[in-house]
Amino acid sequence: QVQIVESGGGLVQPGGSLRLSCAASESIFTIYTMAWYRQAPGKQRELVAMMREGTGTTNYLDSVKGRFTISREYAKNTIYLQMDDLKPEDTAVYYCNWDVVADRYSTRKTYWGRGTQVTVSS
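Remember, predicted model here, so these are calculated numbers, not experimental data.

## Quick look at the overall build of the chain
For step 1, the next point in the chain: Looking only at helices and strands, the chain features zero helices and eleven strands.
For step 2, the next point in the chain: Helices and strands in the chain line up, N terminus first, as β-β-β-β-β-β-β-β-β-β-β.
For step 3, the next point in the chain: What you see for the chain is a C-alpha radius of gyration of 14 Å, in line with the 14 Å of a compact globule of 122 residues.
For step 4, the next point in the chain: Taking the principal axes of the C-alpha coordinates as reference, the chain spans close to 50 × 25 × 25 Å.
For step 5, the next point in the chain: The proportion of buried residues among the 122 residues of the chain is 42%.
For step 6, the next point in the chain: Accessible surface, the chain as shown: approximately 6700 Å² in total, 47% of it carbon and sulfur.

## Topic: the packing of aromatic side chains
For step 1, the next point in the chain: Under the counting rule described, the total for this entry stands at two aromatic pairs.
For step 2, the next point in the chain: Each ring, one from Tyr95 and one from Trp112, has its centre 6.5 Å from the other, and the planes form 80 degrees; the classification is edge-to-face. Remark: Trp112 occurs in strand S10 (residues 108-112) and Tyr95 occurs in strand S9 (residues 92-101); sequence separation between them is 17 residues.
For step 3, the next point in the chain: According to the relative accessible area criterion, Tyr95 is buried, its value standing at 14%.
For step 4, the next point in the chain: You can call Trp112 partly exposed: its relative accessible area is 37%.
For step 5, the next point in the chain: Over the ring of Tyr95 we find Arg45, and its NZ or CZ is 3.8 Å from the ring centre.

## A closer look at the pairing of S10
Within a regular beta strand, the side chains point alternately toward one face of the sheet and then the other, so they alternate between its two faces.
For step 1, the next point in the chain: Both S9 and S10 contribute to a ladder of five bridges, which runs antiparallel. Opposite Val100, over in S10, you have Lys109 as the bridge partner.
For step 2, the next point in the chain: Between S9 and S10, which follow one another and run antiparallel, lie six residues.

## Structural notes on the pattern of salt bridges
For step 1, the next point in the chain: The tally for this structure, following the rule as stated, stands at eight salt bridges.
For step 2, the next point in the chain: Where Glu53 meets Arg72, a salt bridge forms, and the shortest distance between an N and an O atom there is 2.2 Å. Of this pair, Glu53 sits in the loop between strand S5 (46-52) and strand S6 (58-60) while Arg72 sits in strand S7 (residues 68-73), and the two are 19 residues apart along the sequence.
For step 3, the next point in the chain: Classification of Glu53 by relative accessible area gives partly exposed; the value is 29%.
For step 4, the next point in the chain: For Arg72, a relative accessible area of 16% translates into the label buried.
For step 5, the next point in the chain: A salt bridge links Lys65 to Asp62, with the nearest nitrogen and oxygen atoms 2.9 Å apart.
For step 6, the next point in the chain: Judged by its relative accessible area of 61%, Asp62 is exposed.
For step 7, the next point in the chain: Within this structure, Arg38, Glu46, Arg67 and Asp90 form a network of salt bridges that share partners.

Reading guide: rules and limits
- Residues numbered from 1 in each chain as written.
- Predicted model: local features only at pLDDT ≥ 70, side-chain atom pairs only at ≥ 80, totals over all residues.
- Heavy atoms only, no water.
- Helix = DSSP H or I, 4+ residues; strand = E, 2+ residues; numbered from the N terminus.
- Rg over C-alpha atoms; globule rule 2.2 N^0.38 Å.
- Buried < 20%, exposed > 50% of the residue type's maximum accessible area, 1.4 Å probe, protein only.
- Areas by Shrake-Rupley, 256 points an atom, 1.4 Å probe, with all protein chains shown as cover.
- Phe/Tyr/Trp six-rings, centres within 6.5 Å; stacked < 30°, edge-to-face > 60°.
- Lys NZ or Arg CZ within 6 Å of the ring centre and 35° of its normal.
- Pairing = 2+ DSSP bridges.
- Salt bridge = Lys/Arg side-chain N within 4 Å of Asp/Glu carboxyl O.

See below:
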């Protein structure tokens with residue numbers, strides 16, 4: 001079982017920055033994608049940024065392009081979401097997920113963290 005833990009959320013003023021972290025608890029047999037989603041009150045969860053293993057290809061929600069950057073630290077089995085020039089509409093709970101095969105005896109599965117709150121307000 002892979003445990004996913006997010007951290008780094010908080011309250012920030014418009015125009016400010018935050019960096020979210022998402023750590024997987026153990027080494028993983030095969031990784032397909034790593035991603036950040038967010039869910040604002042009363043809205044559906046939406047994909048914010050995704051990175052594909054191997055190619056390192058990334059894609060972003062249109063509204064965050066040029067402001068958010070997804071990255072990975074292989075040694076720590078951790079991904080990050082650097083968020084710059086934050087806007088009030090970025091306020092949401094941010095969730096991380098890893099689409100993986102945990103070990104040689106497992107099947108492909110998506111693991112989610114519990115989320116971290118990001119609030120952008122003056």
